[in-house]
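The primary structure of each chain is shown beneath.
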Amino acid sequence: QVQLVESGGGLVQTGGSLGLSCVASGSFFSINGMGWYRQAPGKQRELVAMLNRDGNVRYADSVKDRFTLSGDSAKNTVYLQMNSLKPDDTSLYYCKAWIRRDSISAYVEHWGQGTQVSVSS
């Protein structure tokens, strides 16, 4: 019943910016970790940025100085601001969250469908 709804992908030129949003919708008790991964053709999926319950954000080294992940707990939403984009950032970006339905259930891994980010040179 839980869905991760992604938005904000698109095509930009090198040096441009995009913002990705992910909203957890449906009925659930709590979220423990929410953020973004990406996967380009022929490559493994990699962590981009992840926000945990302590408010700590872990970034991939390749995006640390350019991307910012923020969260709005009241709206069950994370937002990834991507600046100074370059062609290497071109990938399919997936929202990921750990969610439990009630207080005695285990956290379950959820994934969005993916949104394309393309950066032209």
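Residues numbered from 1 in each chain as written. Predicted model: local features only at pLDDT ≥ 70, side-chain atom pairs only at ≥ 80, totals over all residues. Heavy atoms only, no water.

J.: Explain the overall build of the protein chain residue by residue, including any values.
T.: Regarding its fold elements, the protein chain presents zero helices and 11 strands. Shown N-terminal to C-terminal, the secondary structure of the protein chain runs as helices and strands in the order β-β-β-β-β-β-β-β-β-β-β. Computed over the C-alpha atoms, the radius of gyration of the protein chain is 14 Å, within 12% of the 14 Å expected from 2.2 N^0.38 for a compact globule of 121 residues. Along the first, second and third principal axes, the C-alpha atoms of the protein chain reach 50 × 25 × 25 Å. Burial statistics for the protein chain: of 121 residues in total, 40% are counted as buried. (Helix = DSSP H or I, 4+ residues; strand = E, 2+ residues; numbered from the N terminus. Rg over C-alpha atoms; globule rule 2.2 N^0.38 Å. Buried < 20%, exposed > 50% of the residue type's maximum accessible area, 1.4 Å probe, protein only.)

J.: Quick rundown of the packing of aromatic side chains? Include the residues and the values.
T.: Across all of its chains, the model carries two aromatic pairs by this definition. Centre to centre, the rings of Tyr37 and Trp111 are 5.2 Å apart; their planes meet at 65 degrees, and the pair counts as edge-to-face. Taken together, the residues span a long stretch of sequence, with Tyr37 in strand E4 (residues 30–39) and Trp111 in strand E10 (residues 108–111) at a distance of 74 residues. Take Tyr37: its relative accessible area is 17%, and that puts it in the buried class. Considering the side-chain rings of Tyr94 and Trp111, the 6.3 Å spacing of their centres and the 85 degrees angle between planes classify their relative orientation as edge-to-face. Here Trp111 lies in strand E10 and Tyr94 lies in strand E9 (residues 91–100), a separation of 17 residues in the sequence. (Phe/Tyr/Trp six-rings, centres within 6.5 Å; stacked < 30°, edge-to-face > 60°.)

J.: Outline the pairing of strand E3 (residues 18–25), supporting the account with residue identities and numerical values.
T.: For E3, the tally of buried residues reaches six of eight residues, placing the bulk of the element in the interior. Where strand E1 (residues 3–7) meets E3, five bridges bridge the pair, whose relative direction is antiparallel. Each residue of the ladder has a partner; that of Gln3, found in E3, is Ser25. (Pairing = 2+ DSSP bridges.)

J.: Explain the sheet that holds E3 to me, and be specific about the residues and the numbers.
T.: Reading across from one edge, E1-E3-E8-E7 is the order of the four strands in this open sheet, with antiparallel pairing throughout. Both outer strands of the open sheet, E1 and strand E7 (67–72), are each paired with one neighbouring strand and no more. Direction aside, the axes of adjacent strands within the sheet are offset by 15 degrees on average. Where E7 and strand E8 (residues 77–82) come together, six bridges link them in antiparallel fashion. (Axes fitted to C-alpha atoms, helices over the stretch in contact; angles between N-to-C directions.)

J.: Please give an account of the nonpolar core that cites residues and values.
T.: Grouped together as the largest cluster of nonpolar side chains are 28 residues, with contacts concentrated most on Met34, Trp36, Leu80 and Met82. Looking at this core, the elements that each hand over two or more residues are E3, E4, strand E5 (46–51), E7, E8, E9 and strand E11 (115–120). Excluding residues that lie within four positions of it along the chain, Met82 makes contacts with Gly16, Ser17, Leu18, Leu20, Arg66, Phe67, Tyr93 and Val117. (Core = buried A, V, L, I, M, F, W, Y, C linked by side-chain atoms within 4.5 Å. Contact = heavy atoms within 4.5 Å.)

J.: Lay out the pattern of salt bridges with the relevant residues and their values.
T.: One pass over the full model with this rule turns up five salt bridges. With a closest N to O distance of 2.8 Å, Arg38 and Glu46 form a salt bridge. When its relative accessible area of 6% is taken as the criterion, Arg38 is described as buried. A salt bridge links Lys64 to Asp61; the shortest N-O distance between them is 2.8 Å. A single network of salt bridges, built from pairs that share partners, joins Arg38, Glu46, Arg66 and Asp89. (Salt bridge = Lys/Arg side-chain N within 4 Å of Asp/Glu carboxyl O.)

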